[in-house]
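What follows is the residue order along each chain.
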2 protein chains.
Amino acid sequence: MPMQPIKFYYDVLNQSSRALYIFLEASKIPFEAVPISLLKGEHLTGEYRDKVTRFKKVPAISDHGFQLSESVAIFRHLAREKLVPEHWYPRKNLGRSRVDEYLEWRQRNMGVACTDYFQQKWLVPYLQKTKPNERSVDVAEKQLERTLNDFENLFLSSKRFMIGDNISYADLMAICEIDQPKYIGYNTFASRNKLTRWYDAVREELGPYYKQVSSEFENKLRKAEKGHKEAISLKQ
Amino acid sequence: MPMQPIKFYYDVLNQSSRALYIFLEASKIPFEAVPISLLKGEHLTGEYRDKVTRFKKVPAISDHGFQLSESVAIFRHLAREKLVPEHWYPRKNLGRSRVDEYLEWRQRNMGVACTDYFQQKWLVPYLQKTKPNERSVDVAEKQLERTLNDFENLFLSSKRFMIGDNISYADLMAICEIDQPKYIGYNTFASRNKLTRWYDAVREELGPYYKQVSSEFENKLRKAEKGHKEAISLKQ
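Keep in mind it's a predicted model, so treat the numbers as computed, not measured. (Residues numbered from 1 in each chain as written. Chains lettered and ligands numbered in written order. Predicted model: local features only at pLDDT ≥ 70, side-chain atom pairs only at ≥ 80, totals over all residues. Heavy atoms only, no water.)

1. Looking at the layout of surface pockets
Estimated volume of the largest pocket: approximately 1200 Å³. Surrounding the largest pocket, 39 residues form its lining, A:Asn14, A:Lys57, A:Thr115, A:Gln119 and B:Arg108 being those nearest its centre. For the lining of the largest pocket, the element with the highest residue contribution is helix H5 (residues 110-128) of chain A, accounting for 7 residues. Classifying every residue of the lining of the largest pocket by side-chain character gives 14 nonpolar, 14 polar and 11 charged. Of all the secondary structure elements, the ones that give two or more residues to the lining of the second largest pocket are helix H4 (95-108) of chain A together with helix H1 (15-26), helix H3 (71-81), helix H4 (95-108), helix H5 (110-128) and helix H7 (169-182) of chain B. Looking at which element gives the most residues to the lining of the second largest pocket, the answer is H5(B), with 8 residues. A class-by-class count of the residues in the lining of the second largest pocket yields 11 nonpolar, 11 polar and 8 charged. Each of domain 1 (6-84) and domain 2 (92-235) of chain B gives at least three residues to the lining of the second largest pocket. (1 Å grid on protein atoms, 1.4 Å probe; cavity = no way out; pocket = protein on both sides within 12 Å on 5 of 7 lines; lining within 4 Å. Points joined across faces, edges and corners; volume = space filled by probe spheres on them. Helix = DSSP H or I, 4+ residues; strand = E, 2+ residues; numbered from the N terminus. Nonpolar A, V, L, I, M, F, W, Y, C, P; charged D, E, K, R; others polar. Domains from an automatic or database assignment.)

Below, the structure written as structure tokens:
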């Protein structure tokens, strides 16, 4: 009996959606991708809100009718319920505990800093059809600087990936998070050698899966920016 | 060969420390409790910072020399490595995925709102030997109201506990988080019937383990408050 594909609701503008998309593809888990447009507010209304997730967020899944939100909870669910390559969440040398340690830390640090910067610099101006508020961007940028320094100091070493020689979900989540500011022009790498080396290693390891999703992300950003410029010029 | 106890570094003033303390006791996991005083800044200096955790936070553990921070990562580590009653993190009916969903959500919601209120109303005034800033407390209180409403709507139902008839780590983490504002005088229960019913059920189920840790928490708060009053009156 063929496995029924899971339904995966996502928007490539969202870092957690991209991480799960890449994970699903790289792990060969059968899935049906259902795009939900954050910019059009599709996560807030209609069937998605009423029948898919009460959280009004992307990503979400439906696995044989079992509905689940929160991307990292979805990752752990898939790691338990599907056939997934061991390196993403390794049992060896207590690797799972180390991956978990990062995934908790990120919630109060990388998740907040990368999202705030993206919102202040890009999303809020887009939705309000204005220019970015310089002071808010400045505050967000300082927080981002501190957080990237902490990330380098606390989680990167001379090893190729965060918890050793193999890529894990910690690396995948982190690169997608860092791409939020990076893809809208923030210089992530200036004087951060360890971060640069790690970023290149992760990108190389993820290969075509990362490349495809990132290019969709980039296209969506540039297309929205074009519309945004026109909206602003019409107002003036 | 007897199991070597884990070393558990904690402060009862911290909600995640209390949740783990109760979990360790209730699960009969052998442990040596090492108190680290947040009010004295012991988490920021000395052997704790240099040899126990690079995160400068409580709680932390050392398990046969394996050092781990982030309380929820520690919970999952113990659930994997020790003999732990199944109900805390149940495999049945995909209960683990539901527990995980809450534990992710809490990081950006309950964790933030309960901690902010505690800091503005109690910790910042204590450390700075001042009275609480009314505007800051007001902002924190509004955020707390919204978050407790969301918690009730999204996670509580007619069932006894969050994911069914048995208590899980989601309930334990949630009650300890709610106790941060509650134990410093915030009225958590006004017009929240579902929350009140759930809170009483969890407290009853945890029995003496909860009672003992909560009473240590309360004593520490009241003792610090006495010193704080004296410090303020000396300044005037």
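2. Re the pattern of salt bridges
Counting across every chain of the model gives 34 salt bridges over all chains. Of the charged contacts, one joins A:Arg98 and A:Glu101 as a salt bridge, the two residues approaching to 3.0 Å between their closest N and O atoms. Linking A:Arg98 with A:Glu101, this pair stays in helix H4, spanning 3 residues, or about one helical turn. For A:Arg98, a relative accessible area of 25% corresponds to the partly exposed category. B:Arg160 is the salt-bridge partner of B:Glu204, the closest N and O atoms lying 4.0 Å from each other. Pair noted here: B:Glu204 is in helix H8 (residues 193-235) and B:Arg160 is in the loop between helix H6 (134-155) and H7, with a separation of 44 residues, a long-range link. The exposed category is assigned to B:Glu204, whose relative accessible area is 61%. (Salt bridge = Lys/Arg side-chain N within 4 Å of Asp/Glu carboxyl O. Buried < 20%, exposed > 50% of the residue type's maximum accessible area, 1.4 Å probe, protein only.)

3. Some thoughts on the sheet that holds strand S1 (residues 6-10) of chain A
Residues and elements named next belong to chain A. Judged by pairing direction, the sheet is mixed, and its 4 strands sit side by side in the order S2-S1-S3-S4 without closing on themselves. Since the sheet does not close on itself, it has two edges, and those belong to strand S2 (31-35) and strand S4 (66-69), each with one partner. For this sheet, the mean angle separating the axes of adjacent strands, direction not counted, is 20°. With 4 bridges joining them, strand S3 (residues 60-63) and S4 adopt antiparallel strand pairing. Each bridged residue has a counterpart across the sheet, and for Ile61 the counterpart in S4 is Leu68. Lying on the sheet, helix H1 (residues 15-26) is in contact with S1 and S2; it crosses S1 at an angle near 150°. (Pairing = 2+ DSSP bridges. Axes fitted to C-alpha atoms, helices over the stretch in contact; angles between N-to-C directions. Contact = heavy atoms within 4.5 Å.)

4. A word on the environment of B:Gln212
Residues and elements named next belong to chain B. With respect to the helices and strands, Gln212 occurs in helix H8. Residues Gln212 and Ile22 lie 190 residues apart in sequence; the distance between their C-alpha atoms is 9.0 Å. Not counting chain neighbours up to four residues away, the residues in contact with Gln212 comprise Tyr21 and Glu25.

5. Observations concerning the relation of the copies chain A and chain B
A rotation about some axis, followed by a shift along it, carries one copy of the chain onto the other. When chain A is brought onto chain B, the operation consists of a screw motion whose angular component is 180° and whose axial shift is 0.0 Å, with 0.0 Å RMSD remaining. Both copies are brought into coincidence by an operation consistent with a two-fold rotation axis. Distance from the rotation axis, computed per C-alpha, reaches its smallest value in chain A at A:Gln107: 3.2 Å. Both copies share a contact surface, since 100% of the interface residues of chain A are interface residues in chain B too. (Least-squares fit on C-alpha atoms with pLDDT ≥ 70 in both.)

6. Remarks on the packing of aromatic side chains
Tallying each qualifying case throughout the model produces 46 aromatic pairs over all chains. Ring centres 5.6 Å apart and planes at 85° place the aromatic pair B:Phe23 and B:Trp88 in the edge-to-face group. With B:Phe23 in helix H1 and B:Trp88 in the loop between H3 and H4, this residue pair connects regions lying 65 residues apart in the sequence. Each of the two residues, B:Phe23 as well as B:Trp88, counts as buried. One aromatic cluster in this structure is built from A:Phe55, B:Tyr102, B:Trp105, B:Phe151, B:Phe155 and B:Trp198. Over the ring of B:Phe155 we find A:Arg54; its NZ or CZ atom is 5.5 Å from the centre of that ring. Positioned over the ring face of B:Phe217 is B:Arg18, at 3.7 Å from the centre of the ring. (Phe/Tyr/Trp six-rings, centres within 6.5 Å; stacked < 30°, edge-to-face > 60°. Lys NZ or Arg CZ within 6 Å of the ring centre and 35° of its normal.)

7. With respect to the UniProt feature "domain: GST C-terminal" (unreviewed entry) in chain A
With numbering aligned to this structure, UniProt lists the feature "domain: GST C-terminal" (unreviewed entry) at residues 92-221 of chain A. With 75% helix and 0% strand, residues 92-221 of chain A has its two end C-alpha atoms placed 39 Å apart. (UniProt positions renumbered as here; feature names shortened; annotations may be inferred.)

8. Re the sheet that holds strand S4 (residues 66-69) of chain B
Residue and element names in this part refer to chain B. If you trace the 4 strands from one edge of the open sheet to the other, you get S2-S1-S3-S4, paired in mixed fashion. Strands at the two margins of the open sheet, each flanked by one partner only, are strand S2 (31-35) and S4. On average, each strand axis in the sheet is inclined to that of its neighbour by 20°, with strand direction left out of account. Two elements, strand S1 (residues 6-10) and strand S3 (residues 60-63), share 3 bridges in a ladder whose sense is antiparallel. Counterpart to Phe8 in the pairing with S3 is Ile61. The sheet strands contacting H1 are S1 and S2, and the helix crosses S1 at an angle near 150°.

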